Amino acid sequence: MDHVIAGAGAGAQAREAGSLEGWQQGGKWFSYGGHAIFSRMAGQGEPLVLLHGFPTASWDWSRIWPMLVQQHSVLALDMLGFGFSDKPIGYHYSIEDQADLVQGWLEGLGLGKVHLFAHDYGCSVVQELLARDQEDRLHFRIGSVCFLNGALFPEVHNPLLIQRVLRSPLGGLISRGLTRRTFEYNFRRLFGTQNPPDRQDLEDFWHLLTYNNGRGILHHLIQFMEERRCHRNRWVGALQSACQPMRLISGTADPVSGVAMARRYRELIRDADVVSLRNVGHYPHFESPWDVFTGYRDFRKQLAGG
């Protein structure tokens, strides 16, 4: 099942979603292994969990958040090492550990059933959670899954040069020496031409990246790219064996995990449900929030038989 939507841009409604400072003030912290984890919760209805990408944070969802909370009880967090959460030096960061974090958080909240909506790095976390669900290791049910651009299939992932360098033996030096100019140049490349990030957007994303010495651990966080390769069979197998309804919403202008990733999804996933957003890059929910929201809303309506 394929749908194609011409991206409509962010729009005034998304621009008025609030400031980064307001996003932080509206959050709460909880402890994971002695580390402070930032989270946000709002709305009513069935729990919907949002999982962000690398190297950003839950702020990615800020433009679509006001739309989602009208219909769902929405939960988001900054995973360990990201955004406003702690960024310990010398920590062994991994997708499996982030899955432990998310699993423990949701089980601690006593949630019986959740729906998952993930982007980029968060997609790998969801793949691990799906694998655990199939092994009967979760104390909650996963009702449905929606993916945004992410490296679900590492064989067609096309990382930027800066990402490759961060993974190299020089990664520590590159990470600590990363300048704002280099960050902005590479970050802009991820976006479609229709709605590139403006100066304030770049200021916000840079603040999140550098908060709590975030530059010092980028080379540790990015090792998830190797994890994807090592766990490829487990995580792709989890997608292929999933009994939950799934949808992929894909920004086709994404140079890293766009058209080729969506094509691979159609090849490997039975009855693949894909929504393609034209002229939209790697951050569909930030670039074209209304289109992503409608794509997600229609997905949930189909599940409900509406």
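Refer to the structure presented above.
Below: a short report on this structure. No experiment lies behind these values; they were computed from the predicted model shown.

You can see P55 is positioned in the loop between β4 (47-51) and α3 (65-68). Expressed as a C-alpha distance, the spacing of P55 and L218, which sit 163 residues apart in the sequence, is 7.7 Å. If sequence neighbours within four positions are ignored, P55 has contacts with F82, L209, L218 and Y283.

If you look at the biggest cluster of nonpolar residues, it comprises 98 residues, and the most contacted ones within it are L50, F117, V125, L130, F147, M246 and Y265. For this core, the element with the most residues is helix α5 (residues 121-134), which contributes 7 residues. Apart from the residues lying within four places of it in its own chain, the contact partners of Y265 are L152, F153, M246, R247, L248, A272, D273 and V274.

We now examine the side chain of H115. Looking at the element boundaries, H115 is found in strand β6 (residues 113-118). Separated by 3.5 Å, the side chains of H115 and E46 make a polar contact. Once residues within four sequence positions are removed from consideration, H115 is found in contact with E46, P47, L48, V49, G143, S144, Y296 and R300.

Within the element layout of this structure, L303 appears in helix α15 (residues 289-304). Considering only alpha carbons, one finds L303 and S144, 159 residues apart in sequence, at a separation of 8.6 Å. Apart from residues lying up to four places away in sequence, L303 is in contact with S144 and P245.

Another point: the pairing of strand β7 (residues 141-147). Within β7, 6 of the 7 residues are buried, leaving the element largely enclosed by the surrounding structure. Where β6 meets β7, 6 bridges bridge the pair, whose relative direction is parallel. Looking at β7, one finds that V114 is bridged to I142. Between the parallel elements β6 and β7, the chain passes through α5 in a crossover that is right-handed. Here β7 pairs with strand β8 (residues 246-251) via 3 bridges, running parallel.

Conventions and cut-offs
Residue indices follow the written sequence of each chain, beginning from 1 at its first position. pLDDT decides what is reported in this predicted model: residues at 70 or higher carry local features, side-chain atom pairs at 80 or more are listed and counted, and totals for whole chains, interfaces and linings draw on all residues regardless. Calculated side-chain values reflect all of the structure's heavy atoms, with hydrogen atoms and water omitted. Starting at the N terminus, helices and strands are each numbered in turn, a helix being any DSSP run of H or I of at least four residues and a strand any DSSP run of E of at least two. Contact between two residues is taken to exist if any of their heavy atoms lie within 4.5 Å; hydrogens are not considered. By convention a nonpolar core is built from buried Ala, Val, Leu, Ile, Met, Phe, Trp, Tyr and Cys residues, the set being connected through side-chain atoms within 4.5 Å. The cut-offs for exposure are 20% and 50% of the maximum accessible area for each residue type, with area from a 1.4 Å probe on protein chains only; residues under the lower value are buried, those over the upper are exposed, and the others partly exposed. Polar contact is defined as a pair of N or O atoms within 3.5 Å, subject to the rule that within protein one atom must be able to donate a hydrogen and the other to accept it, and that residues adjacent in sequence are counted only when both atoms are side-chain atoms. If DSSP finds at least two bridges between two strands, the strands pair. The definition of a right-handed crossover adopted here requires that, viewed with the strands pointing away, the path from the first strand over the helix to the second runs clockwise.

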